[in-house]
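# Structural characterization, general
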There are 2 protein chains.
Amino acid sequence: MPNDPVTEITSETATDPATHPLVVFTPSGKRGRFPVGTPVLTAARQLGVDLDSVCGGRGICSKCQITPSYGEFSKHGVTVDQDALTEWNKVEQRYKDKRGLIDGRRLGCQAQVRGDVVIDVPPESQVHRQVVRKRAEVRDITMNPSARLYYVEVEEPDMHKPSGDLERLVTALEEQWQLSNVATDLRILQQLQPALRKGKWAVTVAVHQGHDDNHPQIMQIWPGYYDGTVYGLAVDLGSTTIAAHLCDLKTGEVVASSGIMNPQIRFGEDLMSRVSYAMMNTGGDQEMTRAVREGMNALFAQIADQAEIDRALIVDAVFVCNPVMHHLFLGIDPFELGQAPFALATSGSMSLRATELDLDIHPAARVYLLPCIAGHVGADAAAVALSEAPDKSDDLMLVVDVGTNAEILLGNKEKVLACSSPTGPAFEGAQISSGQRAAPGAIERVEIDPVTKEPRFRIIGSDLWSNEDGFAAAVATTGITGICGSGIIEAIAEMRLAGLLDASGLIGSAEQTGTPRCIQDGRTNAYLLWDASADGGPTITVTNPDIRAIQMAKAALYSGARLLMDKFGIDEVDRVILAGAFGAHISAKHAMVLGMIPDCPLDKVTSAGNAAGTGARIALLNTEARAEIEATVQQIDKIETAVEPRFQEHFVNASAIPNSAEPFPILNSIVALPDVNFNSGGNDSGEDGGRRRRRRRG
Amino acid sequence: MPNDPVTEITSETATDPATHPLVVFTPSGKRGRFPVGTPVLTAARQLGVDLDSVCGGRGICSKCQITPSYGEFSKHGVTVDQDALTEWNKVEQRYKDKRGLIDGRRLGCQAQVRGDVVIDVPPESQVHRQVVRKRAEVRDITMNPSARLYYVEVEEPDMHKPSGDLERLVTALEEQWQLSNVATDLRILQQLQPALRKGKWAVTVAVHQGHDDNHPQIMQIWPGYYDGTVYGLAVDLGSTTIAAHLCDLKTGEVVASSGIMNPQIRFGEDLMSRVSYAMMNTGGDQEMTRAVREGMNALFAQIADQAEIDRALIVDAVFVCNPVMHHLFLGIDPFELGQAPFALATSGSMSLRATELDLDIHPAARVYLLPCIAGHVGADAAAVALSEAPDKSDDLMLVVDVGTNAEILLGNKEKVLACSSPTGPAFEGAQISSGQRAAPGAIERVEIDPVTKEPRFRIIGSDLWSNEDGFAAAVATTGITGICGSGIIEAIAEMRLAGLLDASGLIGSAEQTGTPRCIQDGRTNAYLLWDASADGGPTITVTNPDIRAIQMAKAALYSGARLLMDKFGIDEVDRVILAGAFGAHISAKHAMVLGMIPDCPLDKVTSAGNAAGTGARIALLNTEARAEIEATVQQIDKIETAVEPRFQEHFVNASAIPNSAEPFPILNSIVALPDVNFNSGGNDSGEDGGRRRRRRRG
């Protein structure tokens, strides 16, 4: 039986210090006087100190480890004697022999208070421990997962007071764990009677805290004490790839990560071609739904194998995705998302059973999908908002998540705006003459000597620059196969800085630039980055159509950001966050030289990595974050770029590449933007030429 | 759009009668003044008058039919002119032409108030209409089903205010129907967008009111206005038979009834043999679970066919059954119910999805099982309590539901006690030498002439007595095949009244009784009821072992009742209710002559028919009754006969048949109980002989 709570808890002044020693907990600083003989766990509970326990103080689970401190603590006004706690006991020794216990640690349910004492609760003994994130500028994750384990002792049946075994379990959970109105499903009811008897009227249950005002729900039952944990999945369901993190729901630790290609790719590379596939083929949406769910199950099997756990221990999963993937995953025809007014079937968050999505994890596992922001701004953008929290920022933050569509958030504590902008696939290496996906062999970094106009580069899979010793050997296995999104950005920006490209986006001729690497390519020119044709290898060039494709993409991105800035009524932002895999690899300087992002001090441009995935992980580990992002999404002002005349206007203006004039004062203070003009028409040179030309066309 | 509510509702005194005529509703008597031009439906809603509407006042559904009364109403202090309401309008005429409308009826949403008026709301226009039960002494059922239809108009999507179609539907349900936080499942979400567009932004939804504190749930969606109803099932899942009533959830009407044999019979006739089957055969419980669910689906298909409705329109089902059937239906091994302490896996009510039980009705249909009272007293007994409501009775009621087990309830407003008593199958014709189930050809009524000792009888399937003209022809098709439970009761009671049987249960010899119908049968005697042996037909006798079997059964029943009376501290009851199919067929007088039930005035002994089935129907049609019976069951004192020494004592005493002495004063005032004694031992004659002899044996 658990230790009886000491009911006679009183304030420090009202009790006799001789019989009621002072107990001070760190790091919380919570303190109180308790009768001699009070177990530390009981004192912690009564003071509301965050000290874990699964077995409820029965000396079974060892989750309530604490470290008493001895000596004088002037800060707390306490001197702690060596005998402030009762002596190390058999239960503690048994646990130490069996599982090991760090020296100095005690079990909070065994050690009882004898004198004034200072007790430290180490992080791993805290229920709501903090999961530290790598980036210093963001909040840690506070553990508050949807499911927890409870060990509980159940009253035996009595013919004279007939009540079901379930009802006695529910009563025990209420009495021993203060869990009210716990519900369960048939599956548990079918296992309950043997489990109770096998466990001699003690069981461990996994309880899901329930959605909204639902009852907490028993998801799993083990006879006796279950010395294990349960897991959750944070899944970023992208158009191209599906990435999953398997997390220990007790510690918050990521125990395995894995990814697969989205099997829907066979129905269309980009979202709109998948929407078309559904429109053109009866049952096409269901085919794609099946494909993505099957892929998901394959991924989950893979990640469980990797972590060497039973898939049935995965009791929760959080998904983030764009609206089309959201609908296809849920089995909703995305037809309406393919045409104005881009009506979502549902914009709210979704709390479902895994079985409703045919997911093969725990049979009662829950699934949570973050809310969508708008028809073009999905749950992935909401996850980015959760991870980067512009709504909690004093600074005015611009967050861009670059993919086939760019999701853009702009805001601070006062207000957050969101939009999506159709950047197209150029940033992912598609529609580029030598372009390819980011994979080994792809050029990812480029430098061009401003004097010699000679390039050097690095490929994915090697840390060597192409002009360094050993490069040829290092790339022998992968070869040099093409150029990926971050590579093309750097190449173009470097060309611009080396004076090989003018602000309108034209590449100069060999004559104009003085380098034979600028070669004629039809009616325009191209820059030769790598030529292995002599050895039968590829020739990698940056052509003028490549420049145009990137100009279109960056114009879409920039004009989305600019539109939000207009709506916000500001001209500059304090910080820029580049999210997404692509965002993690591009250089801030090169992005600014190209005019992808608004003018901003370079040290204020940071990469958030897979912020959408991080948002999913936050929502998985801390259920309070779910309500938080649901409320935030309600507050976000959604801007639909497709119907904003200013977006078109910005787009036309933004296709040019920045020049030495306004509106890029910060950029101009960092780099020298050559005032070249390669317009074959001749005299239309100088500032803003490209911009004016585009305007005439528009 | 619906008619705008008249916000300026004011008390009678505060408004000008000239501009605010008085509207009086009958039968509720609710009244108020409303501005000229207020639709009657609006006035009704504002006064809280129970006037139905599915379309919300748009002139589509015609559910809000009312009857204005004209003339002088001194009772209400109103004189109603012919022009008290606006004129009959086009919408009403269109409806009348299309569907017909009773003369004098108006549509409440079309007719507007012009002068003082008295408005009658006919029963079929009331949401919470009363479903009248046949028996005068019981309460009518107030309609309050779990699911209702709502017609709703939904806002179209707007790019500038992106929100999902579902969110706008939910908002519309809140605004137009005051339904808060409506939830739904993926299936509806998958159908939502096409339905809204096909219905031109109007749909009809079936909304389940939700269990406990869950959200109301959209179960079904139809584009535009759905001019139909939804259905529910009330199912009495017995050990032997499964009976179902299909009810219209709008009107409460039973539209079809049907029954099948419980397919589990092949695993064991009685409950304990099924429990044994599960114990002896691995997976045996699952086999029985599958069998009963398959049988259920066959029954539901049959009943839907019979009513000519689509099974998918069945959205709710209520089940009552004994504890073993309860567990087997839910897929719980009944092992624990086969041994003390008879622990139920769960005693509470169950709210499930039909899919969890593999039931093939509406895919989102809900299932409700009434709570069990104890390990031997099931949801069927709870249903009897709901139907017969001893807890609401001023009289002290004894309710016995006779089957293989008898469930017995005793109580009044103050207190209700319950127990179960193992009567065995004798009352169902089993263990009786010429016994059979109640089926055509079985003797069900018996009379024995006290002078001639000659019997006459009736069989199931004919209204003629065996000594009436035409009997032979009437029974030619069925034959006379045996004697059923009610027949054996009457036969034995009539034998007792005719002096052929003594109080100890011995049949006299031909010599002792003076009739050749008493024939020797081994060491005892038998009474010859029917002899067709000359024609090769059966010989139907009542043997002394038959008497013993019935004595055991009736002793169990009587001692259960007696035990509860002891616990209650009383010696007589005010009323006896015989429930169950068997209870419906036995004669009160004969039951009392046999000593099955305690002494009670004959006119206070009534049959309730299938009270368990009626309880299921009440819980189906009125969801408030579910909470009511759950609370009642909590209050019922459960008595476990198996561990009550007094039960054994009563049992021993009760095996004798009443004699002319105490304790049966009422019985003795009705009939003359002959003081015969056929004990071959000779002198142990007279009052209470059997009882004393049994005591010696005990």
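Reading guide: rules and limits
- Residues numbered from 1 in each chain as written.
- Chains lettered and ligands numbered in written order.
- Predicted model: local features only at pLDDT ≥ 70, side-chain atom pairs only at ≥ 80, totals over all residues.
- Heavy atoms only, no water.
- Helix = DSSP H or I, 4+ residues; strand = E, 2+ residues; numbered from the N terminus.
- Buried < 20%, exposed > 50% of the residue type's maximum accessible area, 1.4 Å probe, protein only.
- Contact = heavy atoms within 4.5 Å.
- Areas by Shrake-Rupley, 256 points an atom, 1.4 Å probe, with all protein chains shown as cover.
- Lys, Arg positive; Asp, Glu negative; His and termini not counted.
- Charge placed at Lys NZ, Arg CZ, Asp CG, Glu CD.
- Pairing = 2+ DSSP bridges.
- Axes fitted to C-alpha atoms, helices over the stretch in contact; angles between N-to-C directions.
- Buried area = accessible area lost by both parts, 1.4 Å probe.
- Salt bridge = Lys/Arg side-chain N within 4 Å of Asp/Glu carboxyl O.
- Polar contact = N/O pair within 3.5 Å; in protein donor to acceptor, adjacent residues only side chain to side chain.
- Phe/Tyr/Trp six-rings, centres within 6.5 Å; stacked < 30°, edge-to-face > 60°.
- Lys NZ or Arg CZ within 6 Å of the ring centre and 35° of its normal.
- Least-squares fit on C-alpha atoms with pLDDT ≥ 70 in both.
- Patch = residues over 30% accessible without salt bridge, like charges linked within 9 Å, V, L, I, M, F, W, Y side chains within 5 Å.
- Expected span 1.5 Å × (residues − 1).
- pLDDT = per-residue confidence, 0-100.
- Parallel < 35°, antiparallel > 145°, perpendicular 65-115°, else oblique.
- Nonpolar A, V, L, I, M, F, W, Y, C, P; charged D, E, K, R; others polar.
- Arc of directions from axis to C-beta.

This part takes up the overall build of chain A. Across its full length, chain A holds 19 helices and 31 strands. Projecting the C-alpha coordinates of chain A onto the three principal axes gives extents of approximately 100 × 65 × 55 Å. Of all 698 residues assigned to chain A, the portion counted as buried reaches 59%. In chain A, the proportion of contacts linking residues at least 24 apart, taken out of those at least 6 apart, comes to 65%. On chain A, roughly 27300 Å² of surface is accessible, and the fraction owed to carbon and sulfur atoms is 49%. A gap of 1 Å separates the mean positions of the 64 positive and 89 negative side-chain charges of chain A.

Moving on, we come to the sheet that holds strand β30 (residues 605-609) of chain A. All names here are of chain A. The sheet built from six strands is open, its strands ordered β30-β29-β20-β21-β22-β31 with mixed pairing. Only two strands of the sheet have a single neighbouring strand rather than two, namely β30 and β31 (637-638). Looking at chain direction, strand β21 (residues 406-412) and strand β22 (residues 415-421) are connected through seven bridges and run antiparallel. By the bridge assignment, Ile408 is partnered in β22 with Cys419. Across the face of the sheet, helix α8 (residues 379-388) comes into contact with β20 (397-401), β21, β29 (575-579) and β30 while running at roughly 35° to β21.

Glancing now at the interface of chain A and chain B. Counting residues at the interface gives 46 residues for chain A, matched by 47 residues for chain B. Summed over both partners, the interface of chain A with chain B comes to about 3500 Å²; 59% of that surface belongs to carbon and sulfur atoms. Among the residues chain A hides against chain B, the three largest losses belong to Met159(A), Leu186(A) and Gln193(A). Together they make up 19% of the total. For the pair chain A and chain B, the interface holds two salt bridges. Linking Arg197(B) and Glu336(A) is a salt bridge whose minimum nitrogen-to-oxygen distance equals 2.9 Å. In this structure, the connection of chain A to chain B is made through 23 residue pairs in polar contact (both at pLDDT 80 or more). Put simply, the parts of the chain that give the side of chain A that touches chain B at least two residues each are α3 (165-177), α4 (186-198) and β18 (350-353) of chain A. With six residues, α4(A) is the single largest residue contributor to the side of chain A that touches chain B.

Quick look at the packing of aromatic side chains now. For the structure shown, the criterion picks out 18 aromatic pairs over all chains. Each ring, one from Phe300(A) and one from Phe319(A), has its centre 6.4 Å from the other, and the planes form 50°; the classification is tilted. Separated by 19 residues along the polypeptide, Phe300(A) in helix α6 (residues 284-307) and Phe319(A) in strand β17 (residues 314-321) bring together distant segments of the chain. When the centroid spacing of 4.8 Å and the interplanar angle of 45° are considered together, the rings of Phe319(A) and Phe329(A) count as tilted. Linking Phe319(A) in strand β17 with Phe329(A) in helix α7 (residues 323-330), this pair joins segments that are 10 residues apart in sequence. Judged by its relative accessible area of 0%, Phe329(A) is buried. One aromatic cluster is present, built from ring pairs that chain together Phe300(A), Phe319(A) and Phe329(A). Here the guanidinium or amino end of Arg626(A) rests over the ring plane of Tyr368(A), the centre of that ring lying 4.8 Å away. Looking at Lys415(B), its charged tip hangs above the ring of Phe568(B), at a distance of 5.0 Å from the centre.

Position of Ser655(A) among the secondary structure elements: in the loop between α17 (645-654) and α18 (665-670). Engagement of the side chain of Ser655(A) in a polar contact is seen with the backbone oxygen of Val652(A), the distance being 3.1 Å.

In this section: the pairing of strand β13 (residues 217-223) of chain A. Residues and elements named next belong to chain A. For β13, the tally of buried residues reaches six of seven residues, placing the bulk of the element in the interior. Note that strand β11 (residues 183-184) and β13 share two bridges and pair parallel. Counted as the bridge partner of Ala183 is Gln217 from β13.

Rotating chain A by 180° and translating it 0.0 Å along the rotation axis places it on chain B, where the RMSD comes to 0.1 Å. Viewed as a symmetry operation, the transformation between the two copies matches a two-fold axis. Mapped onto chain B, 100% of the interface residues of chain A again fall at the interface, so both copies present the same surface.

Time to look at the pattern of salt bridges. Within the structure shown, the criterion is met by 56 salt bridges over all chains. With a closest N to O distance of 3.2 Å, Asp185(A) and Arg187(A) form a salt bridge. Each member of the pair Asp185(A) and Arg187(A) is classed as buried. Close ionic contact of Arg646(B) with Asp566(B) constitutes a salt bridge, the shortest N to O distance being 3.1 Å. Here Arg646(B) is found in helix α17 (residues 645-654), whereas its partner Asp566(B) is found in helix α12 (residues 544-568), with 80 residues between them in sequence. Take Asp566(B): its relative accessible area is 23%, and that puts it in the partly exposed class. Connected via shared salt-bridge partners are Arg139(A), Asp391(A), Lys392(A) and Glu628(A).

Once that is clear, we can look at a nonpolar patch on the surface. On the surface, a nonpolar cluster with roughly 330 Å² of combined accessible area is contributed by Met279(A), Met280(A) and Phe335(A). Take Phe335(A): its relative accessible area is 31%, and that puts it in the partly exposed class.

Attention now goes to the sheet that holds strand β28 (residues 539-543) of chain B. All names here are of chain B. Spatially, the three strands line up as an open sheet ordered β26-β27-β28, and their pairing is antiparallel. A single partner strand is all that each edge strand has here, and the edge strands are β26 (518-521) and β28. In this sheet, neighbouring strand axes are inclined to one another by 45° on average, regardless of whether the strands run parallel or antiparallel. One ladder, built from five bridges, connects strand β27 (residues 524-531) with β28; its direction is antiparallel. Across the sheet, residue Tyr527 finds its bridge partner in β28, namely Val542.

Moving on to unusual backbone geometry. For the bond running from Ala340(A) to Pro341(A), omega is 0°, close enough to zero to count as cis. As for its placement among the helices and strands, Pro341(A) is situated in the loop between α7 and β18.

Attention now moves to helix α12 (residues 544-568) of chain A. Residue and element names in this part refer to chain A. Here α12 contains 25 residues, and its C-alpha end-to-end distance of 35 Å stays within 8% of the 36 Å for a straight helix at 1.5 Å per residue. For α12, the tally of buried residues reaches 20 of 25 residues, placing the bulk of the element in the interior. Among the residues trailing α12, Gly569 stands out with phi positive, at a value near 80°.

A few words now on the confidence of the model for chain A. All names here are of chain A. Summarising the model, chain A shows a mean pLDDT of 90, and 94% of its residues fall at 70 or more. In this model residues 1-12 is a low-confidence stretch, pLDDT under 50, and it forms 24 contacts with partners more than four residues away in sequence or in other chains. Note on residues 682-698: pLDDT is under 50 here. Beyond four places in sequence and across chains, it has 27 contacts. Taken together, the chains of this predicted complex give a pTM of 0.86 and an interface ipTM of 0.86.

Before going further, it helps to examine the packing of α6(A) against α7(A). Residue and element names in this part refer to chain A. For the pair α6 and α7, interaxial distance at closest approach is 7 Å and the crossing angle is 90°. The angle between α6 and α7 places the two elements in the roughly perpendicular class. Residue-level inspection shows Asp285, Met288, Thr289, Val292, Arg293 and Met296 of α6 in contact with α7, the latter providing Met325, Leu328, Phe329 and Leu330. Of the residues assigned to the contact of α6 with α7, the class counts are seven nonpolar, one polar and two charged.

All names here are of chain A. Residues of α17 that are buried include every one of Phe647, His650 and Ala654, and no others. All buried residues of α17 lie within an arc of 65° about the axis, which places them on one face of the element. Lining the buried residues of α17 we find β22 and α12.

Attention shifts here to the environment of Gly508(A). All names here are of chain A. Relative to the helices and strands, Gly508 resides in the loop between α10 (485-497) and α11 (510-513). Along the chain, Gly508 and Leu386 lie 122 residues apart, while their C-alpha atoms are 45 Å from each other. Setting aside residues no more than four positions away along its own chain, Gly508 makes contact with Leu500, Thr513, Cys518, Asn525 and Phe678.

Right, let's talk about the environment of Arg617(B) for a bit. Residue and element names in this part refer to chain B. Relative to the helices and strands, Arg617 is located in helix α15 (residues 611-621). Accessibility expressed as a relative area gives 17% for Arg617, which makes it buried. Contact partners of Arg617, with chain neighbours within four places excluded, come to Val131, Ile141, Ala234, Cys247, Gly252 and Val254.

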